[in-house]
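Notes for the structure review
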Amino acid sequence: MRSRPTGSVVVTGVSRFLGAHVAARLAGDDRIDRVVGLDPNAPPPEFAHLLDGVEQVRGDAGSASSVIADLEAEAVVHLALITAPDQRHGGRAAMKEQNVIGTMQLLAACQQAPRLRKLVMRSSTAAYGASFRDPAVFTEDTEPREVPRGGFARDILDIEGYVRGFRRRRSDVTATVLRFAPFIGFNADTTLTRYFARPVVPTVLGRDPRLQFLHIEDALEIVHRSVVDDHGGTFNVAGAGVLSLSQAIRRAGRIPVPVLEPGLSAASNLVRNLGRSGYGLDQVDLFVHGRVVDTTKLVREFDYTPRSTADSFDDFVDGHRGGAVLRRDQLAVAERAILDGIRQARATVQENS
Amino acid sequence: MTERNDRPSDDQGRPDRAPRKSARKPARRTPAQKTNGTARIIPAAEFKVDPPAANGAVPAARSNGHHPAPLPPAVPDGPGDIWDERVAKGLAFLRRRLAGDYEVDEFGFDPELTDKVFLPILRLLYRDWFRTEVFGVENLPADGPALVVGNHSGTVALDALMLATALNDRTPNQRHLRLLGADLVFRMPIVSELARKSGGTVACNPDAERLLRAGELVGVFPEGFKGVGKQYAQRYKLQRFGRGGFVSAALRTGTPIVPAAIVGAEEIYPMLADIKPLARLLGLPYFPVTPTFPWLGPLGMVPLPSKWLIEFSTPIPTAHLQDQADDPLVVFNLADQVRETIQQTLHTLLERRPDPFGR
């Protein structure tokens, strides 16, 4: 847990929510001299103001070796992962290119960087795959039992494999792999938050998966601590506790629509072909199997407890009150009305008899 | 052991059982006596005479299955407010469910749904259909973990549910049995969710150890499908106990093993034959043919009302063997010991129950 000033830090994926916020946080930390954002795309206007203190370099992972060498980077934070194919930007092929090939190139660059001390990798709890024989709670050393169907989950398995190779070759570098649960929060915008934001939410018939979320603020905090302190290893990062999907939908005041699983897979394919993003097999796998991880190791090593899953989800619900169909106060009013109705009816019957 | 166990529950069960029984019996007899016009008086007379007689003969059979406390009074006379209270409680329950205001643990266990919906339904089967008697409840820890190992039978795994109900019914603090189920259970939609919400999880060592470390009572049936899917001719013959994974889970956590012998489940769906090609086609471990299934269609799915006896034996401590969890010899010996205990208890219970469909 030694902590000494860090020279320059390279953050990939600063044109996206997580990368931009992490870069901004690191730039605001005095213990870090220099923060460089590496991304092939320009950040959208909503993140541009965040990146004031961040030097930006346009370039993909292929150019990483020159950037990392030029800067004599001491830490690399790799956040440039795409979680769902986006048809406007090349679909699944481009997603795999960036996730897998991009990570390979970045790690190759890191391997040759003599001054590199730290590598922080974004991963996902999707690394545990999805199988009916899975234990209910995954610890960091649980091996996936079946190769998952979803593209993102398969990418994650590949990426973690490359990190294992990197660790063998550069044992002097502290490598931190953060397996994040799905992000959520007041204004988080992910495939999953868009899903919960709809008034009517499709679910898999006969399945009520157990879900865990991570508040986006806690994700930023954990990445930040991984950069400034030394926490080598692989960590599950999630909010404690569990919400079942039906429970989450009810808490958000939405209406669940159960769909047969083959129908949902077909629908997700159709949606993909129509050029809309999101809702791939990754989501179907999650909604059939659910995913719960043990965060004991994280809490012990980082001495930090992320907000619970239920609290994080409440924060999201607060931010999306508008779309609620069935609100809590409406239910309370209905309960009151029915109770009063029954009381009156009984009173009338008793008077008459 | 039986005598000692019977007494206390017998006394508790008496106040609410006696009126229920006598209230039912006369109702059936009256039609024959109705002709003389005194039908209204006769039941009343019987009401007074019947209980002592019933207490002498019936309670031994009925006492144990009865759940004394939460039974509603048979007649809803009294102050009308009890119904008001119930309606209000029911509505509040519905509102909480609809708003998602309940807790689910990391295994997906939903205690509120289990206590308010699943267990009351199962209790009907447990008490009124199978007339279950339970012995040796004092062998279960009042709190803290234990691994309850039972014999498996009955074509459909109702024995697991009845064991869970018995445990909830008879332990002082109404403990829940966390069942370990085959992965087939968790492959099936709807069934998988019912299993998780009622506290079940996949039978694997990480889950078993996690539950035991959390101080839960864990229920496991090491015979698996070999036990549930055996034919009627094989009844009450314990099958092989697999690799003894349950023993190593207990050893690693130092948890005592409580053997549980269940008599009665074998007769609920007596499997006469197993159509293997059909089972393969449907991806099931067996396709049962019973005297009623598939001949009577859905009606064939009604379990036969056999008489059930469940006995918990003396716990087998494992704390002193904690460092030998990986020794196959220790594991197999312990598994054998558990198996022998259950088999012997089954024999003594069967002697006590000569007629499978008796009272």
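Located above this text is the structure these notes cover.
Computed from a predicted model, the values in this text were never measured in an experiment. (Residues numbered from 1 in each chain as written. Chains lettered and ligands numbered in written order. Predicted model: local features only at pLDDT ≥ 70, side-chain atom pairs only at ≥ 80, totals over all residues. Heavy atoms only, no water.)

Turning next to helix H3 (residues 64–71) of chain A. All names here are of chain A. By the burial criterion, the buried members of H3 are Ala64, Val67, Ile68 and Leu71. One side of H3 carries all its buried residues, which in axial view fall inside an arc of 95°. Turned more than 90 degrees away from the buried face of H3, the exposed residues are Ala69 and Asp70. Those residues of H3 that are buried are in contact with strand S1 (6–12), strand S2 (32–39), strand S3 (55–58), strand S4 (75–78) and helix H4 (91–111). Immediately beyond the C-terminal end of H3, within one or two residues, lies Glu72, with a positive phi of roughly 50°. (Buried < 20%, exposed > 50% of the residue type's maximum accessible area, 1.4 Å probe, protein only. Helix = DSSP H or I, 4+ residues; strand = E, 2+ residues; numbered from the N terminus. Arc of directions from axis to C-beta. Contact = heavy atoms within 4.5 Å.)

Moving on: the interface of chain A and chain B. Chain A puts 29 residues into the contact, and the matching count from chain B is 36 residues. Between chain A and chain B, a total of about 2,900 Å² is buried, with carbon and sulfur atoms accounting for 52% of that surface. On the surface where chain A and chain B come into contact, there are five salt bridges. As a salt-bridge pair, Asp294 of chain A and Arg210 of chain B come within 2.7 Å of each other at their nearest N and O atoms. Applying the counting criterion to the chain A and chain B interface returns 19 residue pairs in polar contact (both at pLDDT 80 or more). Listing elements by their share of the side of chain A that touches chain B, those giving two or more residues are helix H8 (245–251) and helix H13 (328–352) of chain A. (Buried area = accessible area lost by both parts, 1.4 Å probe. Salt bridge = Lys/Arg side-chain N within 4 Å of Asp/Glu carboxyl O. Polar contact = N/O pair within 3.5 Å; in protein donor to acceptor, adjacent residues only side chain to side chain.)

If you look at soluble globular proteins, the nonpolar side chains tend to sit buried side by side. By size, the foremost hydrophobic cluster in this structure holds 39 residues, and its most contacted members are Leu147, Val149, Phe246, Leu251 and Ile342 of chain B. Counting residues per element, the ones that place at least two in this core are strand S2 (146–150), helix H9 (205–213), strand S5 (217–220), helix H11 (245–253), strand S6 (257–263) and helix H13 (328–352) of chain B. Here the element with the most residues in this core is H13 of chain B; it accounts for eight residues. Residues in contact with Val149 of chain B, not counting those within four places in the same chain, are Val220, Pro222, Phe241, Phe246, Ile257, Val258, Pro259, Ala260, Val338 and Ile342 of chain B. Grouped together as the second largest cluster of nonpolar side chains are 38 residues, Val22, Val120, Ile216 and Val228 of chain A included. (Core = buried A, V, L, I, M, F, W, Y, C linked by side-chain atoms within 4.5 Å.)

It is worth spelling out the environment of Asp207 of chain B at this point. Mapped onto the secondary structure, Asp207 of chain B falls in helix H9. A relative accessible area of 0% means that Asp207 of chain B is categorised as buried. Remark: the alpha-carbon pair of Asp207 of chain B and Ala249 of chain B, spanning 42 residues in sequence, is separated by 9.3 Å. Contacts of Asp207 of chain B, omitting those with residues within four sequence positions, involve Pro135, Ala136 and Val137 of chain A together with Phe107, Thr201 and Val202 of chain B.

So, about the side chain of Ser123 of chain A. By the secondary structure assignment, Ser123 of chain A is in strand S5 (residues 118–124). A distance of 2.6 Å separates a polar atom in the side chain of Ser123 of chain A from a polar atom in the side chain of Glu160 of chain A.

Residue and element names in this part refer to chain A. Sheet architecture is open: seven strands sit in the order S3-S2-S1-S4-S5-S6-S11, paired in parallel fashion. The two strands at the open ends of the sheet, each matched to only one other strand, are S3 and strand S11 (233–237). Taking the axes of each pair of neighbouring strands and ignoring which way they run, one obtains an average angle of 20° across the sheet. For S5 and strand S6 (residues 174–180), the ladder comprises seven bridges, and the chain directions are parallel. Counted as the bridge partner of Leu119 is Ala175 from S6. (Pairing = 2+ DSSP bridges. Axes fitted to C-alpha atoms, helices over the stretch in contact; angles between N-to-C directions.)

Take the side chain of Asp218 of chain A next. Position of Asp218 of chain A relative to the elements: it lies in helix H7 (residues 216–228). Not counting residues up to four positions away in its chain, the partners in contact with Asp218 of chain A are Tyr304, Pro306 and Arg307 of chain A.

Here the focus is the environment of Ala24 of chain A. All names here are of chain A. Within the secondary structure, Ala24 sits in helix H1 (residues 17–27). In this structure the C-alpha to C-alpha distance between Ala24 and Val54, which are 30 residues apart in sequence, comes to 6.9 Å. Look past the residues within four positions of Ala24 in its chain and what remains in contact with it is Leu50 and Val54.

Within S2 of chain A, six of the eight residues are buried, which leaves the element mostly enclosed by the surrounding structure. Taking the sense of rotation as the criterion, the β-α-β connection linking S1 of chain A, H1 of chain A and S2 of chain A turns out right-handed. (Right-handed = clockwise from strand over helix to strand, strands pointing away.)

All quantities given are derived from atomic positions and should not be read as evidence of function.
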